[in-house]
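# Examining the three-dimensional arrangement
Each chain, written out:
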Amino acid sequence: MTTCRLPLTTSHALDTSKRHSQKWTCGRTLLVLAVFVAYLPTLAAQETSPADVQEEQTTPSAADVEFFEQKIRPLLTAKCLKCHGPEKQRGGLRLDHRSFLIAGGELGPTIDTESLADSQLLRAIRYEDLEMPPNGQLPADEIALIEDWVQRGAPWTPGEQPAPAKHDAHTRPADDTPHWAYQPLQQLTPPPVQQTEESLRVAGPVVHPIDRFIERRLAEQNLVANPPATARTLARRLHYDLLGLPPTSEEVAEFTGCQSESAYEQYLDNLLARPEYGEQWGRHWLDLVRYAETNGYERDGPKPNAWRYRDYVIEAFNADLPYDRFVREQLAGDELSDRSTSTLIATGYYRLGIWDDEPADPEQAYYDSLDDVVATTGMVFLGTSMGCARCHDHKIDPIPQADYYRMLAFFHNIYKDIRVAGFKKTAFTLNTQTEVASPEEIAMHELRMRDHKTQLEQLQAVVSRCEQTVYASFSNPEKEDAADTNVRRQMVRKRAPDVLAPEELQEYEEALRELRRMRNGRVRGTAQALTIKENGREAPETFVLIRGNASAPGEPVAMGFPQILGGGTPEVEPLPDDINSSGRRTLFANWLVDGNNPLAARVIVNRVWQYHFGRGLVRSSSDFGRYGDAPTHPELLDYLATELIRHDWQLKWLHKYILTSRAYRMSSADNGVALDVDPTNNLMWRFDMRRLSSEELRDTVLTVTGQLNAKMHGPSVYSQIPDEVLQSSSRPEDAWGKSAPADQVRRTVYVFVKRSIADPVLSSFDSADTDASCPVRFSTTVPTQALTTLNGRFFNEQAQRLAERLHREGHHDERDFVKAAIELATCRPVEPAEVARGTQLIHDWQAKDNVSRADAERFFCLLTLNLNELIYLD
């Protein structure tokens, strides 16, 4: 069948318009339509499939065939076919048969049979527009050979048939076989295994169903799993994985005493019941849903009360809210028959993305925000990247553009357009606030309001007193000039340094700054939450937007599910009269966690596995499509997914099931034989060591120094950020808030998340990117990390706090001081040699560098907070 496509130039014009989100003027639209109409008669002649190319080469001479076989085929094989051959077709292009060169790839024909000298292949190897090969230009003599060959008409050996494609993850297979991710879940039984004597001796017997799947794969490669980790290693692993905090020495001792399997399981139950579990696993979820408390862009304005969504997530994990209910509450919590304050807060999920509060093209920005919802929902809940299909059929996965807009139709009613005062154009709001205050919260709010008013009055009194002192120094003409209030204020502030005493001037300037900050952050109204709200019970009609452009609507589409997952246009069940909403999101949420949808359970099981093992059974945890990674253990993935559903989607059950496996309790030590066979540990012969996350590292330092404030919930707090960082803001004095010292040392999950400013400790250690869903944090090793931990203010201040803690607890003797410091940091007994080295180091600093004992002890505490044993987890 003939495929009609826009010519490259027109497609590019449309693409450019979309990328810059600029609204088309009528003239530009007519111009593009005129080009399209003028070109329309030739579109039917365009063919894009190599199989359909009918152009035949004239019979080449024997000399041309010899030239091709001797000079050109070896060159193509060596330099081109790795990326453009039967096994891989980057850009949809193959170069292993003449028909493929004529057909070309995504950028059109590679050989221009009508103008050979203008062929794309020649421009690419000359580096005129494209640069091929990308790893370095061909030598001049090889370029000359290809030029000669093309000028001869690109002759090929007559009668040769192209090899069948062996499609990889970057290409869409030609057949209609469903991709593994879209196939129904398999009801599997763990396979039987026959352990070798070595496996039994080293790793222990295989009992757990998870280990039977893993052992089978290891046996196929004649590999043996690692022996169990030590009790201290496993205790740290469990505490960080479930709580995000290190164990105390008493907890390590308690865990070491867990000699039986039942005692181990009871220890797990105790950890899962602790409130810190919700803080740790809630943070994982916040990564996925692009959680931040500001809008991004230049002004990066606040998202009021976004913190309530964070607290909802923490409480949901602690309560072991079934995952299917967790999904329904976030996608349609306002439409549920048993909706509550909690389910309303859950819909804040929709409001967490970036938002342009002054868009150049409000209509395009409206669809950009809808795209944020569709793309995030696809990745987070379905492990599917939908974004590509906004502008065209998905290039890799079987997702037509119409399916993208059919899915968008479920959410098309959630953003309410408003008219912005002072603007002729229409804008829209995302910051829908809903009253969620309980009587107790209203009382607390009124108390905060009174406190806020009192503080403002006190600050204003200081400012007025100082300004009156300055005003008294004015001459009569100056007082006449200062009749205007604004002029007077400017004159007073300019004269203040000459009139006020230094202490009074400092008091005046600090009062001004604090007054400005409190007015900008003034308390508004009663308790509210950032939630969703629909326009009404009737949703607007949805159209396929040509190339994703809001000004170019195409065919209308009805809401529906992706065809690859069964498709269909569902019927909405009417909602109760007191719910002014369309009910579409409820329909979508119910379909999403229906046991017949194979993706929801696979995706969440894979994420839980990833956060326990450092990577998922599918490494591309938000992309289960053809471009993503195939599962290393597909049967195990399906087994766990079906078991999760069978256990009513309870995530705490899944944690315990995984953590009782032999695979989780393995050592992370190297094994030379296994490392040679499986260097990336795909077969899971060992546990992968990892570095602590940025939040875990900061919280660990505060725990070791005894400073961590365990208070839960409530408005976000502001950690101390260096002035140098704040100066990067357009308004440094208003860029960051100031919390009480006790609040500055709360867990990192409660620190305010601002898109334009990041705490250096967190950013240096790879905190989540908040502009989009963050499924994986890549662990980097860069010099700025050492500069942060050795020279940064936070680590140096905490080193002082650690020294103070040690003396407060009675560790005044130097050897005792060193021993206690290392034990706190590493959760293990300290060897005498370590104590001797640490004591000698403190003595050397004092004797050789003329450092006081107090400073030497502080330096040692700083060194202790930099130990790899503290920063890395085995």
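## Focus on the overall build of the protein
Across its full length, the protein carries 37 helices and eight strands. Summarising the internal contacts of the protein: among those between residues at least 6 apart in sequence, 70% fall at separations of at least 24. Of the roughly 41,100 Å² of accessible surface on the protein, a fraction of 53% belongs to carbon and sulfur atoms.

## A look at the packing of aromatic side chains
One pass over the structure, following the stated rule, counts 38 aromatic pairs. With a centroid separation of 5.6 Å and 45° between ring planes, the pair formed by F588 and W591 is classed as tilted. Taken together, the residues F588 and W591, both in helix α23 (residues 584-592) and three residues apart, mark about one turn of the helix. Residue classification places W591 among the buried residues on the basis of a relative accessible area of 14%. Residue placement shows R665 over the ring face of Y264; its charged tip is 4.3 Å from the ring centre.

## Re the confidence of the model for the protein
Averaged over all residues, the pLDDT of the protein equals 86, while 89% of them reach at least 70. For residues 1-54, every residue scores under 50 in pLDDT, and the model assigns this stretch 57 contacts once sequence neighbours within four places are set aside. Contacts for the low-pLDDT stretch residues 417-428, under 50 throughout, to residues beyond four places or in other chains number 24 contacts.

## Topic: the pattern of salt bridges
Applying the stated criterion across every chain, the model contains 61 salt bridges. A salt bridge links D96 to R94, with the shortest nitrogen-to-oxygen separation between them at 2.6 Å. Under the relative-accessibility criterion, D96 is labelled buried at 11%. R686 is paired through a salt bridge with D688; the nearest N and O atoms lie 4.0 Å apart. A network of salt bridges, in which partner residues are shared, links R232, R828, E834 and E869.

## Quick word on the packing of helix α34 (residues 814-826) against helix α36 (residues 853-865)
It is the contact of α34 with α36, at a shortest axis distance of 10 Å, that shows an interaxial angle of 25°. On the basis of their axis angle, the class for α34 and α36 is roughly parallel. Our pair here, α34 against α36, has a crossing hand that is right-handed. Counting all contacts with α34, which are made through E814, F817, V818, A821, I822 and A825, the residues of α36 involved are R853, E857, F860, C861 and T864. Of the residues assigned to the contact of α34 with α36, the class counts are seven nonpolar, one polar and three charged.

## Considerations on the side chain of S582
Here S582 shows up in the loop between β6 (553-557) and α23. Relative accessible area serves as the criterion here: at 10%, S582 is assigned to the buried category. In terms of polar contacts, S582 uses its side chain to reach the side chain of E534, at 2.9 Å. At 3.3 Å, the side chain of S582 forms a polar contact with the backbone nitrogen of R584. Ignoring anything within four residues of it in the chain, the contact list for S582 reads E335, N413, E534, G536, R537, A539, V572 and L575.

## Quick notes on unusual backbone geometry
Cis geometry marks the peptide bond from M132 to P133; its omega dihedral reads -5°. Positionally, P133 belongs in the loop between α6 (120-125) and α7 (140-151). At A154, a position not held by glycine, the phi torsion is positive, near 55°. As for its position among the elements, A154 is in the loop between α7 and α8 (197-203). Non-glycine residue C827 carries a positive phi angle of around 60°.

## Let's talk about helix α25 (residues 634-646)
The first and last C-alpha atoms of α25 sit 18 Å apart over 13 residues, in line with the 18 Å expected at 1.5 Å per residue. Those residues of α25 not exposed but buried are L636, L637, D638, Y639, L640, A641, T642, E643 and L644. Where α25 is buried, its residues contact α9 (209-220), α24 (598-613) and α26 (651-659). D648 sits one or two positions beyond α25 and adopts a positive phi of about 60°.

## Section: the environment of N305
Positionally, N305 belongs in the loop between α13 (276-288) and α14 (307-318). Measuring from C-alpha to C-alpha, the distance between N305 and A529 comes to 5.2 Å, with 224 residues separating the pair along the chain. Other than its neighbours up to four places away in sequence, N305 contacts Q433, Q528, A529 and L530. Here the side chain of N305 touches Q433 through a polar contact of 2.8 Å, side chain to side chain.

## Describing the environment of T110
Inspection of the secondary structure assignment puts T110 in the loop between α5 (98-103) and α6. Look at T110 and you get buried, because its relative accessible area is 3%. Taking the C-alpha atoms as reference points, T110 and Q120, 10 residues apart in sequence, are found 5.0 Å from one another. Contacts of T110, omitting those with residues within four sequence positions, involve L93, L95, L101, G104, S119, Q120 and L121.

## Considerations on the state of the cysteines
As enumerated under the stated definition, the model contains zero disulfides in all. Its sulfur unpaired, C83 is 9.1 Å from the next cysteine sulfur, which belongs to C80. The partly exposed category is assigned to C83, whose relative accessible area is 29%. A disulfide-free cysteine, C391 has its sulfur positioned 8.8 Å from the sulfur of C388, the nearest such atom. Classification of C391 as buried rests on a relative accessible area of 9%.

## Description of the packing of α14 against helix α15 (residues 323-332)
Direction vectors running N to C along α14 and α15 enclose 165°, while the axes themselves pass 11 Å from each other. Relative to α15, the element α14 lies roughly antiparallel. For the crossing formed where α14 meets α15, the hand is right-handed. In this structure, α14 contributes Y309, Y312, V313, A316 and F317 to the contact, and α15 contributes F326, E329 and Q330. Split into classes, the residues belonging to the contact of α14 with α15 amount to six nonpolar, one polar and one charged.

## Observations regarding the side chain of R232
In this fold, R232 is placed in helix α10 (residues 231-243). For R232, a relative accessible area of 17% gives the class buried. If we ignore the near neighbours within four places in the chain, the residues touching R232 are V252, T826, C827, R828 and E869.

## Comments concerning the nonpolar core
Membership of the largest hydrophobic core comes to 120 residues, with the highest contact counts inside it found for W285, Y309 and W609. Excluding its chain neighbours within four sequence positions, the residues that come into contact with W285 are Y309, V313, F317, Y323, F326, Q330, V380, F381 and I604. With 34 residues, the next largest nonpolar core counts V704, F794, F817 and C861 among its residues.

## Observations regarding helix α32 (residues 783-791)
Since the α-helix turns once every 3.6 residues, residues separated by three or four places project in the same direction. Among the residues of α32, those classed as buried are Q785, T788 and T789. The arc that holds every buried residue of α32, seen down its axis, measures 85°, which confines them to one face. In this structure, α32 carries P783 and N791 as exposed residues pointing more than 90 degrees from its buried face. The inward-facing, buried residues of α32 contact β7 (690-691), α31 (760-764), α33 (793-808) and α36.

Conventions and cut-offs
- Residues numbered from 1 in each chain as written.
- Predicted model: local features only at pLDDT ≥ 70, side-chain atom pairs only at ≥ 80, totals over all residues.
- Heavy atoms only, no water.
- Helix = DSSP H or I, 4+ residues; strand = E, 2+ residues; numbered from the N terminus.
- Contact = heavy atoms within 4.5 Å.
- Areas by Shrake-Rupley, 256 points an atom, 1.4 Å probe, with all protein chains shown as cover.
- Phe/Tyr/Trp six-rings, centres within 6.5 Å; stacked < 30°, edge-to-face > 60°.
- Buried < 20%, exposed > 50% of the residue type's maximum accessible area, 1.4 Å probe, protein only.
- Lys NZ or Arg CZ within 6 Å of the ring centre and 35° of its normal.
- pLDDT = per-residue confidence, 0-100.
- Salt bridge = Lys/Arg side-chain N within 4 Å of Asp/Glu carboxyl O.
- Axes fitted to C-alpha atoms, helices over the stretch in contact; angles between N-to-C directions.
- Parallel < 35°, antiparallel > 145°, perpendicular 65-115°, else oblique.
- Left-handed = near helix turned anticlockwise from the far one by under 90°.
- Nonpolar A, V, L, I, M, F, W, Y, C, P; charged D, E, K, R; others polar.
- Polar contact = N/O pair within 3.5 Å; in protein donor to acceptor, adjacent residues only side chain to side chain.
- Expected span 1.5 Å × (residues − 1).
- Disulfide = S-S within 2.5 Å.
- Core = buried A, V, L, I, M, F, W, Y, C linked by side-chain atoms within 4.5 Å.
- Arc of directions from axis to C-beta.

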